[in-house]
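Now for the letters of each chain:
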Amino acid sequence: MSETDDKHAVPDMPDTTGTITMEVARFRPDRESEPSWDSYDVPLRKEWAVLDGLNHIKDQLDGTLSYRWSCRMGICGSCGMTVNGEPKLTCSTFLTDYAPGPVRVEPLANFPVIRDLVVDIEDFMAKLPTVKPWLVSGDEEPAEDSEYRQTPAEMDDYRRYSMCINCMLCYSACPVYALDPDFIGPAAIALAQRYNLDSRDEGNEDRRDVLASAEGVWACTFVGECSVACPKDVDPAGAIQRYKLTAATQAVKDLLLPRGAR
Amino acid sequence: MTTKRSPEPFAWLLFSSGGMAAAMLIPVLLLLFGIVFPLGWLSAPSHDRLAAVLTHPVTLLVLFGLCVLALFHWAHRFRYTLYDGLQLRKAAPVIAVLCYGGAAVGSVIAAFVLIRAL
Amino acid sequence: MTTADRRYHHPVSFTWWARKPSYLLFVLRELSSVFVAWFVVYLLLLVAAVSSGNESYQGFLEWSSHPLMIALNVIAFAFVLLHAVTWFGLAPKAIVLRLGSWRVPPNLILAAHYGAWLVISVAVAWVILR
Ligand code: SF4
Ligand code: FES
């Protein structure tokens, strides 16, 4: 039997260094009006992520636990939860880092909780399209078979922002979003910049009304926690700060230059 | 297309320039006049000497710029601190008027004081 | 869908800024602005005293060496330093500088800010102490 087969076939192998207590926030809207805590002891294995602990609970201890996950490799962005107070991708956060425990697992902060660890991110899904996160091209349609060329340097301008996996950790870390739910938010602005800074894109003007509004970049006070929380090093705080400078420069130009010269 | 003429970018530009001016100039000035001279680590400049520096137009201009920008820096930051820290977003218009109004009044006072020094 | 909202909404605590050290540092950074404003007041009092003659200038010096005044200014100085350090730390995020096709690295922008800070501080001290 190979190493990898082992860990699925046998629950307790030598690399298990005892157990760790997971305190999991539960919320069952049919039964309770407020979340409560359940405790479970799970094996503490060095290759187990918090998500593996949750899977162990669901498979072995309590099948009613609800949470989201898919890829288990930090790509799909669906497993975000609050682990010991910090927003984390639970598939890339290891139980041993919290030994001897307990590990507290809660749903992502700043979003309404649907059930247990599942949150409603409808708000983000509604805001995202308002910043047109796609390539906006001018009137001229490219001839068939033609391609848009881009140099590596041009790609470097936006590459970082294109790494976003919509995991919502940044929204969860942002106190401004908590206090002002109309704030467009870190990822949406970073994604807008991903296209604004793309040499093939012509949508800058289209995105401006939303980005440069009071609920856009101006709502941000640069707490900076979004960039700390981001598992993909997108640096949404930097994206916002950079757009503030862009928007302010634009506003000054609008004031000084006649319409035609802009 | 509607281009929203929000005053936000201008408030932010004042805030930013003020933040930069404050970061560059205030630490050394406050260190000297607030701590070093009062504690006698160095003796304070004589009145004649300081008066000569102060009445120089360049000094007055720099100090006036610093006062105005620093006050608007305060107004902008403090306004958001009240919004977020005390969760007063509902009172936003009142707070904005008080903060920027305060900075404007402070700037006028600064102008008076500095012109009198000439 | 007309079912009532059965989702749970976490209330935002009034002391949210005390929940994490990083939030606390943020609020302290924002409060530094109060001490920036205080410095403007202090500076204007100094200028007013100097321009009213030697006597009032000596009065200002005496007032400023009151222990309470010194304590206030030490606190103010700490906040102003916090402001300066955090301000320079954030500047490279907004400023993206290009020389030709070369993008000036953020660390260089940061270093330039500190360099300018040093030069300006020395120059100001020289003008005053000369
Ligand atoms: S910016 Fe980072 S933290 Fe925010 S949604 Fe994208 S990947 Fe997640
Ligand atoms: S399960 Fe896909 S990112 Fe964690």
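Bear in mind the structure is a predicted one, so any value in this text is a computation, not a measurement. (Residues numbered from 1 in each chain as written. Chains lettered and ligands numbered in written order. Predicted model: local features only at pLDDT ≥ 70, side-chain atom pairs only at ≥ 80, totals over all residues. Heavy atoms only, no water.)

Enquirer: Looking at this model, I keep getting lost on the domain arrangement of chain A. Mind explaining?
Expert: Reports often express the size of an interface as the amount of accessible area lost when the parts come together. All names here are of chain A. Its domain assignment divides chain A into domain 1 (3-119) and domain 2 (122-261). Taken together, the 13 residues of domain 1 in the interface contact 14 residues of domain 2. Here domain 1 packs against domain 2, burying approximately 1000 Å² in sum over the two surfaces, 63% of which is carbon and sulfur. Three residues stand out in domain 1 for area buried against domain 2, namely Pro87, Asn110 and Phe111, and they jointly supply 50% of the buried area on that side. Inspection of the region where domain 1 meets domain 2 yields zero salt bridges. Our count for the domain 1 to domain 2 interface comes out at five residue pairs in polar contact (both at pLDDT 80 or more). Those elements giving two or more residues to the side of domain 1 that touches domain 2 turn out to be β3 (80-83) and β4 (86-89). Of all the elements, β4 adds the most residues to the side of domain 1 that touches domain 2, at three residues. Each residue belonging to the side of domain 1 that touches domain 2 can be placed in one class, and the counts come to seven nonpolar, five polar and one charged. (Domains from an automatic or database assignment. Contact = heavy atoms within 4.5 Å. Buried area = accessible area lost by both parts, 1.4 Å probe. Salt bridge = Lys/Arg side-chain N within 4 Å of Asp/Glu carboxyl O. Polar contact = N/O pair within 3.5 Å; in protein donor to acceptor, adjacent residues only side chain to side chain. Helix = DSSP H or I, 4+ residues; strand = E, 2+ residues; numbered from the N terminus. Nonpolar A, V, L, I, M, F, W, Y, C, P; charged D, E, K, R; others polar.)

Enquirer: I would appreciate a short explanation of the site of ligand 1 in the present structure.
Expert: All names here are of chain A. Within the structure, ligand 1 sits among Cys164, Ile165, Asn166, Cys167, Met168, Leu169, Cys170, Ala187, Cys230, Pro231, Val234 and Pro236. Its atoms largely coinciding with the cavity grid, ligand 1 occupies the second largest cavity. Class assignment of the residues belonging to the shell around ligand 1 gives a composition of 11 nonpolar, one polar and no charged. (Near = heavy atom within 4 Å. 1 Å grid on protein atoms, 1.4 Å probe; cavity = no way out; pocket = protein on both sides within 12 Å on 5 of 7 lines; lining within 4 Å. Sits in = over half its atoms within 2 Å of the grid points.)

Enquirer: How should I be thinking about empty space enclosed by the protein in this particular structure?
Expert: The gaps of empty space that remain are located by a probe, the size of a water molecule, rolled over the atoms. Residue and element names in this part refer to chain A. Using the criterion set out here, one finds two cavities of 30 Å³ or more in the structure. The volume enclosed by the largest cavity comes to roughly 100 Å³. Lining the largest cavity are 13 residues; nearest its centre among them are Cys174, Cys220, Val223, Gly224 and Cys226. Within the residue set of the lining of the largest cavity, elements represented by two or more residues are α6 (175-179), α9 (225-229) and α10 (236-256). Put simply, the second largest cavity is a space of about 80 Å³. Lining of the second largest cavity is provided by 13 residues; of these, Cys164, Cys170, Ala187, Cys230 and Val234 occupy positions nearest its centre. Grouping the constituent residues of the lining of the second largest cavity by class yields 11 nonpolar, one polar and one charged. (Points joined across faces, edges and corners; volume = space filled by probe spheres on them.)

Enquirer: I'm lost on the packing of aromatic side chains in this one. Help?
Expert: The geometry of an aromatic ring pair is captured by two quantities: the separation of the ring centres and the angle between the planes. All names here are of chain C. On inspection of all chains with the given rule, the structure shows 20 aromatic pairs over all chains. On the numbers, 5.3 Å between centres and 50° between planes, the contact of Tyr42 with Phe60 is tilted. Linking Tyr42 in helix α1 (residues 21-51) with Phe60 in helix α2 (residues 54-64), this pair joins segments that are 18 residues apart in sequence. In this pair, the class of Tyr42 matches that of Phe60, namely buried. (Phe/Tyr/Trp six-rings, centres within 6.5 Å; stacked < 30°, edge-to-face > 60°. Buried < 20%, exposed > 50% of the residue type's maximum accessible area, 1.4 Å probe, protein only.)

Enquirer: Could you clarify how one ought to interpret the pattern of salt bridges in this entry?
Expert: A pair can form between side chains of opposite charge whenever their charged atoms are brought close. The final tally for this structure, using the stated rule, is 25 salt bridges over all chains. Put simply, A:Asp206 and A:Lys132 hold a salt bridge, and the shortest N to O gap is 3.7 Å. Here A:Asp206, found in helix α8 (residues 204-211), pairs with A:Lys132, found in the loop between α3 (122-127) and α4 (152-159); they are 74 residues apart in sequence, far enough to count as distant. By relative accessible area, A:Asp206 is classed as partly exposed at 34%. Among the salt bridges present, the one from A:Asp235 reaches C:Lys93, with a minimum N-O distance of 2.9 Å. Within this pair, whereas A:Asp235 is found in the loop between α9 and α10, its partner C:Lys93 is found in helix α3 (residues 67-94), the two belonging to separate chains. With a relative accessible area of 29%, C:Lys93 lands in the partly exposed category.

Enquirer: Looking at this structure, I do not really get the interface of chain C and chain B. What am I missing?
Expert: Every contact between the two is made by 52 residues of chain C and, on the other side, 50 residues of chain B. In total, about 4700 Å² of surface goes out of reach between chain C and chain B, with carbon and sulfur atoms giving 77% of it. Sorting the residues of chain C by area buried against chain B places C:Phe39, C:Trp87 and C:Ile128 first, and these three jointly supply 14% of that buried surface. The tally of links between chain C and chain B comes to one salt bridge. Linking B:Arg77 and C:Glu30 is a salt bridge whose minimum nitrogen-to-oxygen distance equals 3.3 Å. Among the secondary structure elements, those contributing two or more residues to the side of chain C that touches chain B are α1, α2, α3 and α4 (106-129) of chain C. In terms of residue count, α1(C) provides more of the side of chain C that touches chain B than any other element does, 18 residues in total. Classifying every residue of the side of chain C that touches chain B by side-chain character gives 36 nonpolar, 13 polar and three charged.

Enquirer: Would you mind going over the layout of surface pockets with me for this structure?
Expert: Looking at the largest pocket, its volume works out to about 750 Å³. Forming the boundary of the largest pocket are 32 residues, of which A:Ala109, A:Asn110, A:Ala178, C:His10 and C:Val12 lie nearest the centre. Contributions of two or more residues to the lining of the largest pocket are made by α3, α5 (169-173) and α6 of chain A. With three residues, α6(A) is the single largest residue contributor to the lining of the largest pocket.

Enquirer: What am I meant to see in unusual backbone geometry here?
Expert: Excluding glycine, residues mostly carry a negative phi; peptide bonds, for their part, are mostly trans. All names here are of chain A. Geometrically, the link from Ala99 to Pro100 is a cis peptide bond, its omega value of 5° lying close to zero. With respect to the secondary-structure elements, Pro100 resides in the loop between β4 and β5 (103-106). At the junction of Gly101 and Pro102, the peptide bond is cis and its omega measures out at 0° in the coordinates. Structurally, Pro102 is set in the loop between β4 and β5. The residue Asn110 is not glycine, and still its phi comes out positive at about 75°.

Enquirer: Looking at this structure, how should I read the interface of chain B and chain A?
Expert: Chain B puts 14 residues into the contact, and the matching count from chain A is 21 residues. Between chain B and chain A, roughly 1600 Å² of surface is buried when both sides are summed, and carbon and sulfur atoms account for 63% of that area. Scanning the region where chain B abuts chain A turns up zero salt bridges. Across the chain B-chain A interface, the total number found is one residue pair in polar contact (both at pLDDT 80 or more). Counting residues per element, the ones that place at least two in the side of chain B that touches chain A are α1 (8-36) and α3 (57-85) of chain B. Sorting elements by how many residues they give to the side of chain B that touches chain A places α1(B) first, with five residues. Taken together, the residues of the side of chain B that touches chain A break down into six nonpolar, three polar and five charged.

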